[in-house]
Amino acid sequence: MATKHLGLCESDQYDKLKSYPTIPGANICDCLCADGNFHTPFLQTGSIKKNASGQINSYDCEFVLAGETKNFELTPFRTFLMYLDVPNTYTGSDWVTATLNGTKMHFMLNDWHFSETYTTMSTFGTKVTVVEFLKECLPVLDSDIAKRLRKVLEKRGVDVHLQCAVKAITQNNGRRVVTFADKKGREQAVEASQVLMAVGRAPRVFDHFHNAGFEYDVRRGITVDDHYQTTIPGIYAIGDVNGRQMLAHAAEMQAKMVVDHIVSPGTSEGGEKFPIPAAIFTSPEAACVGPSEYQLKADGQPYECRKAFYRANGKALAMNETEGMLKLFSESGAGRILGCHVYGAHAADLVQEASVLICKDTTVEQLRQMVHIHPTLSEVLLAAAEQ
């Protein structure tokens, strides 16, 4: 029913609004289409009232900005921009349209999305070297899970250098040479045919956003409240553009919450009540929902950690997918489930079940009493609860 109130602001509507800059909300069209192109998709709700001649008399509607991300080209990553002048050196967006013709690739990582890319290229037979500035790859994951996944990838031929800082990217006889220093300051150099600088993503915002009047930050995105409404009432920002959760399913949920707030402003609940699950489609998969063990310790929250391994699961054995582990975090004493981090086949599916359980405030004891089909990988989650 709420979707009846939601309509796409098509080009003809945009032209009419742009012709009437004094109409409230018209500047939002101008700021989003400064060069005639829709950089940030947006939705318009409500109605535009016209007179008998078809001219706009009054305006009664809201706008929902649905943005995306761009490459992180800000301090402290601005140093890397000079390397883009070196041929076959790409940012994340450039990589999508790049022609891959080499056998060796080098990844500068601070972005877990591109772990999927380099594991795919490695599977295709490309020699991959990863330089990671942090202590461990994939910081979004529990460190134990991330370490085990990295070990699997290293066994498959991916070279990973942790706690290393890139110093230079140069050319040598038509090949790229990446020079980096480890945590002790010792320098190493690696040759590659292509280099990908996946050093993070940022919300796609533009300087002309100030024309719309709402607050935004070039690093963190558009400022929104618990209902994803900007600092101007009637203008909302969902998805990557608000910088909260740069995931498609998070944006979809934010959109639903915005529609609820527009239709029933006095009754809808704001904010993300539950943690947003995330998946990394490497091979094997990794996924998580809720805090990691490190985060629980840092917050000083009492917890219990339970583990289960794929090698003890009948379906995993039948699939020949015995590499994997699940960690389940809960309140002390078989209490409420707080989080779940997994690597292994169909990890995202296991985390999805855990996410539902968290949303329903399920306890470990209640999970133990839930029947799971045998043989299925979902029994890995049950096995963890039974520890």
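Everything below is about the structure shown above.
Bringing the overall build of the protein chain into the picture now. Scanning the protein chain from terminus to terminus reveals 11 helices and 21 strands. Here the protein chain holds 387 residues, and 48% of them are scored as buried. Counting contacts in the protein chain only where the partners sit at least 6 residues apart, residues at least 24 apart contribute 59% of the total.

Note that the residue after Ser283, namely Pro284, is joined by a cis bond; omega there is 5°. With respect to the secondary-structure elements, Pro284 resides in the loop between strand S17 (278-280) and strand S18 (286-289). Here the residue pair His374 and Pro375 is connected by a cis peptide bond, since its omega of -5° sits within 30 degrees of zero. Of note, Pro375 is situated in the loop between helix H10 (364-368) and helix H11 (379-385).

Turning to the nonpolar core, a few remarks are in order. Counting residues in each nonpolar core, the largest one holds 27 residues, and the members touching the most others are Tyr310, Leu326, Leu328, Cys340 and Val342. Looking at which element gives the most residues to this core, the answer is helix H9 (residues 347-359), with 7 residues. Sequence-distant contacts of Val342, that is, excluding residues within four places in its chain, are made with Ile145, Glu285, Ala286, Ala287, Tyr310, Met325, Leu326, Ala347, Leu350 and Val351. Counting 22 residues, the second-largest nonpolar core is a separate cluster that includes Leu141, Val158, Ala250 and Ala286.

Topologically, Arg176 is positioned in strand S10 (residues 175-181). There is no salt bridge for the buried Arg176, and the closest opposite charge comes from Glu191, which lies 9.5 Å off by N-O distance. One polar contact links Arg176 to Gln171, side chain to side chain, over a distance of 3.5 Å.

All right, on to the pattern of salt bridges then. All chains considered together, the criterion is met by 15 salt bridges. Note that Asp144 is salt-bridged to Arg148, the shortest N-O span being 3.1 Å. One end of the pair, Asp144, and the other, Arg148, are both in helix H5 (residues 143-155), 4 residues apart, so they sit about a helical turn from each other. Lys307 is paired through a salt bridge with Asp144; the nearest N and O atoms lie 3.4 Å apart. In this pair, Lys307 is assigned in strand S19 (residues 304-309) and Asp144 in helix H5, connecting sequence segments 163 residues apart. Through salt bridges with shared partners, one network takes in Asp142, Asp144, Arg148, Glu293, Lys307 and Lys327.

What follows covers H5. Taking 1.5 Å per residue as the helical rise, H5 with its 13 residues ought to reach 18 Å, and the 18 Å between its terminal C-alpha atoms agrees with that figure. Asp144, Ile145, Ala146, Leu149, Arg150, Val152 and Leu153 are the residues of H5 that are buried. Next to the buried residues of H5 lie helix H4 (115-123), strand S8 (159-161), S18, S19, strand S20 (325-330) and strand S21 (337-343).

It is worth spelling out H4 at this point. For H4, the full list of buried residues reads Ser115, Thr117, Tyr118, Thr119, Met121 and Ser122. At the exit of H4 stands Gly125, carrying a positive phi of roughly 100°.

As a further point, take the sheet that holds strand S11 (residues 187-192). A sheet is described by the order of its strands in space; here 3 strands give the open sequence S9-S10-S11, paired in antiparallel fashion. With one partner strand each, in any of the chains shown, strand S9 (165-172) and S11 form the two edges of the open sheet. Averaged over all pairs of adjacent strands, the angle between their axes in this sheet comes to 25°, without regard to strand direction. Sheet topology places S10 next to S11; 6 bridges connect them, and they run antiparallel. Looking at S11, one finds that Val178 is bridged to Val190.

With that out of the way, let us pick up the packing of aromatic side chains. The description of two aromatic rings rests on the distance between their centres and on the angle between their planes. Taken as a whole and judged by the stated rule, the model has 1 aromatic pair. Stacked on the ring of Phe309, the Lys or Arg Arg311 has its end atom at 4.3 Å from the ring centre.

Attention now moves to the environment of Val258. Locating Val258 in the fold gives a position in helix H6 (residues 248-263). The class for Val258 is buried, based on a relative accessible area of 1%. Between the C-alpha atom of Val258 and that of Ala237, which follows or precedes it by 21 residues, the distance is 8.9 Å.

Attention now moves to the pairing of S18. By the alternation rule, side chains of S18 split into Ala286 and Cys288 and Ala287 and Val289, which are all buried. When S17 meets S18, the two strands line up antiparallel, connected through 3 bridges. Residue pairing across strands places Ala279 opposite Ala287, the latter belonging to S18. From the end of S17 to the start of S18, which pair antiparallel, there are 5 residues. Examined bridge by bridge, S18 and S21 share 4 bridges and lie antiparallel to one another. Looking across to S21, one finds that Ala286 is bridged to Tyr343.

Moving on, we come to the environment of Ile358. When you line up the elements, Ile358 lands in helix H9. Judged by its relative accessible area of 5%, Ile358 falls in the buried class. Residues within four places of Ile358 in sequence aside, it is in contact with Phe274, Pro275, Val289, Ile337, Leu338 and Gly339.

Rules and cut-offs
- Residues numbered from 1 in each chain as written.
- Predicted model: local features only at pLDDT ≥ 70, side-chain atom pairs only at ≥ 80, totals over all residues.
- Heavy atoms only, no water.
- Helix = DSSP H or I, 4+ residues; strand = E, 2+ residues; numbered from the N terminus.
- Buried < 20%, exposed > 50% of the residue type's maximum accessible area, 1.4 Å probe, protein only.
- Contact = heavy atoms within 4.5 Å.
- Core = buried A, V, L, I, M, F, W, Y, C linked by side-chain atoms within 4.5 Å.
- Lys, Arg positive; Asp, Glu negative; His and termini not counted.
- Salt bridge = Lys/Arg side-chain N within 4 Å of Asp/Glu carboxyl O.
- Polar contact = N/O pair within 3.5 Å; in protein donor to acceptor, adjacent residues only side chain to side chain.
- Expected span 1.5 Å × (residues − 1).
- Pairing = 2+ DSSP bridges.
- Axes fitted to C-alpha atoms, helices over the stretch in contact; angles between N-to-C directions.
- Phe/Tyr/Trp six-rings, centres within 6.5 Å; stacked < 30°, edge-to-face > 60°.
- Lys NZ or Arg CZ within 6 Å of the ring centre and 35° of its normal.

Function cannot be inferred from these measures alone, as they are strictly geometric.
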